[in-house]
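These are the residues of each chain, in order.
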Amino acid sequence: MKIVGLSGSKVGSKTRTAMNYTITKLQEKYPEIETELLDLADYDIQFSDGRNYLDYEGDTGYVTKTIMEADAVIIGTPIFQASIPATLKNIFDLLPINAFQDKVVSMLVTAGSAKHFLIVEQQLKPILGYMKAQIVQTYVFIEESDFYRKEITNDDVHFRIERLVEDTVVLTETYTKIREAKEAEYDF
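What counts as what
Residues numbered from 1 in each chain as written. Predicted model: local features only at pLDDT ≥ 70, side-chain atom pairs only at ≥ 80, totals over all residues. Heavy atoms only, no water. Helix = DSSP H or I, 4+ residues; strand = E, 2+ residues; numbered from the N terminus. Buried < 20%, exposed > 50% of the residue type's maximum accessible area, 1.4 Å probe, protein only. Contact = heavy atoms within 4.5 Å. Pairing = 2+ DSSP bridges. Right-handed = clockwise from strand over helix to strand, strands pointing away. Core = buried A, V, L, I, M, F, W, Y, C linked by side-chain atoms within 4.5 Å. Salt bridge = Lys/Arg side-chain N within 4 Å of Asp/Glu carboxyl O.

A. A look at unusual backbone geometry. Backbone geometry at glutamine 81 places phi at a positive 50°, although glycine is not the residue there. Positionally, glutamine 81 belongs in the loop between strand S3 (72-78) and helix H3 (86-94). The exposure class assigned to glutamine 81 is exposed, which follows from its relative accessible area of 79%. A positive phi angle, close to 60°, is found at alanine 82, a residue other than glycine. With respect to the helices and strands, alanine 82 occurs in the loop between S3 and H3.

Now the structure itself:
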């Protein structure tokens with residue numbers, strides 16, 4: 001099993017801090033799972049121009065292919081101006097419409113205010129549903145007050161991240177077994 005973490009912003013540190021913590025917990029609890037963290041701040045990603053993701057080279061090709069090869073993706077995103085950042089939306093635009101078919105996708109969100117709590121429901125989940133993701137329904141919402149000096153200080157957030165990791169792995173294992181059983185019925 002391969003789980004990719006995607007830190008969906010080029011600026012700021014809170015989402016990256018939360019994603020680092022998430023991937024660390026994933027590696028500690030499930031060392032047998034292959035993991036990779038893609039922080040979009042570390043890559044020079046082209047704007048989507050409608051090409052097939054396999055036609056992109058360099059960082060763009062690497063990031064899109066890594067996401068496509070994953071069994072599950074944990075998306076971390078900040079909320080800017082009551083919306084997901086353009087860098088994350090561009091990744092979705094680079095991928096094919098069925099990019100998340102047979103993949104489990106979970107979400108972690110950082111925001112300056114609780115006022116942005118429903119952005120995941122209104123923007124992110126519809127995009128992921130459209131792209132055929134098996135969505136982990138509960139997500140982790142982290143406010144600015146939960147951080148101090150690039151550390152998460154709220155124990156409840158730590159617990160929710162650990163639960164998100166567990167839910168992502170369990171749902172991925174379960175969905176894989178169900179899909180394999182269904183495919184075995186075809187007998188070819």
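Back to the text.
B. Region of the structure containing the side chain of serine 106. Within the secondary structure, serine 106 sits in strand S4 (residues 104-111). The contacts of serine 106, once residues within four sequence positions are left out, are Val73, Ile74, Ile75, Val136, Leu164 and Thr168.

C. Quick peek at the pairing of S4. In terms of residue burial, S4 counts as a mostly covered element, since eight of its eight residues are buried. Alternating residues of S4 divide into Val104, Ser106, Leu108 and Thr110 and Val105, Met107, Val109 and Ala111, and every residue in both groups is buried. One ladder, built from seven bridges, connects S3 with S4; its direction is parallel. Bridging across to S4, valine 73 finds its partner in valine 105. Tracing the backbone out of S3, into H3 and back to the parallel element S4 gives a crossover that is right-handed. Pairing geometry for S4 and strand S5 (residues 134-135), over two bridges, is parallel. Bridge assignment links valine 105 to a residue of S5, and that residue is isoleucine 135. Both S4 and strand S6 (residues 140-143) contribute to a ladder of four bridges, which runs parallel. Residue pairing for S6: alanine 111 is matched across the bridge by glutamate 143.

D. Just H3, in detail. Within H3, the full set of buried residues consists of Leu88, Asn90, Ile91, Phe92 and Leu94. Where H3 is buried, its residues touch strand S1 (2-7), helix H2 (58-69), S3 and helix H4 (119-130).

E. Summary view of the nonpolar core. Ranked by internal contacts, the top residues of the largest apolar core, which has 36 residues, are Leu6, Ile67, Ile91, Phe92, Phe100 and Leu128. In contact with isoleucine 67, other than residues within four places in its own chain, are Leu6, Leu38, Val73, Ile91, Leu95, Phe100 and Lys103.

F. Focus on the pattern of salt bridges. For the structure shown, the criterion picks out 12 salt bridges. Of the charged contacts, one joins glutamate 36 and lysine 2 as a salt bridge, the two residues approaching to 3.6 Å between their closest N and O atoms. On the criterion of sequence distance, the pair formed by glutamate 36 in strand S2 (residues 34-39) and lysine 2 in strand S1 is long-range, its members being 34 residues apart. For lysine 2, a relative accessible area of 11% gives the class buried. Across the pair arginine 16 and aspartate 42 runs a salt bridge, and its minimum N-O distance is 3.3 Å. On the criterion of sequence distance, the pair formed by arginine 16 in helix H1 (residues 14-29) and aspartate 42 in the loop between S2 and H2 is long-range, its members being 26 residues apart.

G. Representation of the side chain of threonine 110 within the structure. Tracing the sequence through the fold places threonine 110 in strand S4. You can call threonine 110 buried: its relative accessible area is 5%. Sequence-distant contacts of threonine 110, that is, excluding residues within four places in its chain, are made with Lys14, Thr15, Ala18, Thr77, Pro78, Ile79, Ile142 and Phe147.

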